[in-house]
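# Close look at the chain arrangement
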Amino acid sequence: MAGLAVNVDHVATLRNARGGNEPDPVHAAVLVELAGADGVVVHLRGDRRHIKDRDVYLIRQIVRTKMILEMAPTEEMLAIACKVKPHQATLVPERRMEITTEGGLDIAANRKEVVHAIETLHKEGILVSLFIDQDQRQVSLASEVGADVVELHTGAFCEANTPKERSQLFEHIALAARQAHSQGLVVHAGHGLGYKTLEAFFDFPEIAEFSIGHSIISRAVFVGLEAAVGEMLDLVRQV
């Protein structure tokens, strides 16, 4: 069975909209675990637009499953990761004006920074995942630079306008997942996945874990966080 790691960034987005303390992403992390999730994800951005440093440190202290820190491969973030020591760090590209992460990390264009980040994190016993597009060249490079995990970017698939386009994009994901698995990489998938799009991944054994945030937090507005996580887990367990 595949696992589910829940991203609580958007709880922080809601908190920051009023500049107060509620809702607290730390409390969300507790509820996510109680609901049965296999991990908690937070993305500490350079601009701190949602998750704050305080959230990262507290969530690391309270999480009993695993804490995944999404981060750009910068010296600032590496220093924080080495102090926090998450179970896993996921290296992602980051642009100031983007609404959300717009694409996968280009390993070839950023090889020096990526290799340095992986070596630094590995010295602290932190597993490293690279968030990449469903591109076979990127998968090969991920293996070359020593990543432990690749998280395949599913955003384009989830946003496809036609069944034909979605089918083609899914095939790219499938090919990349099989290649990564054959090269000894653990395969995760994430970005844009929801309760309807996840059904395409049923009986897809190469994917070990899904990273999902926005759709779960959106659903939680109507049914509560624990119920929303539970509903997603019911789907994930069919993969």
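Here's a quick rundown of the structure. All values derive from a computational prediction rather than experimental measurement. (Residues numbered from 1 in each chain as written. Predicted model: local features only at pLDDT ≥ 70, side-chain atom pairs only at ≥ 80, totals over all residues. Heavy atoms only, no water.)

What follows deals with the nonpolar core. In terms of nonpolar packing, the biggest core is built from 78 residues, with Leu130, Phe201, Phe210, Ile216 and Val229 touching the most fellow members. Ignoring any residue separated from it by four or fewer positions in sequence, one finds Phe201 in contact with Thr154, Phe157, Phe170, Ile173, Leu193, Ile207, Phe210 and Val239. (Core = buried A, V, L, I, M, F, W, Y, C linked by side-chain atoms within 4.5 Å. Buried < 20%, exposed > 50% of the residue type's maximum accessible area, 1.4 Å probe, protein only. Contact = heavy atoms within 4.5 Å.)

The next thing to look at is unusual backbone geometry. Cis geometry marks the peptide bond from Glu22 to Pro23; its omega dihedral reads -10°. Counting through the fold element by element, Pro23 comes out in the loop between α1 (9-18) and α2 (25-34). Positive phi outside glycine occurs at Lys85, with the angle close to 55°. Turning to its location among the elements, Lys85 is positioned in the loop between α4 (75-84) and β4 (88-91). For Lys85, a relative accessible area of 36% gives the class partly exposed. Non-glycine residue His191 carries a positive phi angle of around 100°. (Helix = DSSP H or I, 4+ residues; strand = E, 2+ residues; numbered from the N terminus.)

So, on to the packing of aromatic side chains. Applying the stated criterion across every chain, the model contains six aromatic pairs. Ring geometry for Phe170 versus Phe204: centroids 5.7 Å apart, planes at 70°, classification edge-to-face. With Phe170 in helix α8 (residues 163-182) and Phe204 in the loop between β7 (186-190) and β8 (207-212), this pair connects stretches of sequence that are 34 residues apart. Given the relative accessible area of 5%, Phe204 is considered buried. Here the aromatic residues Phe157, Phe170, Phe201, Phe204 and Phe210 are joined through ring pairs into a cluster of three or more. (Phe/Tyr/Trp six-rings, centres within 6.5 Å; stacked < 30°, edge-to-face > 60°.)

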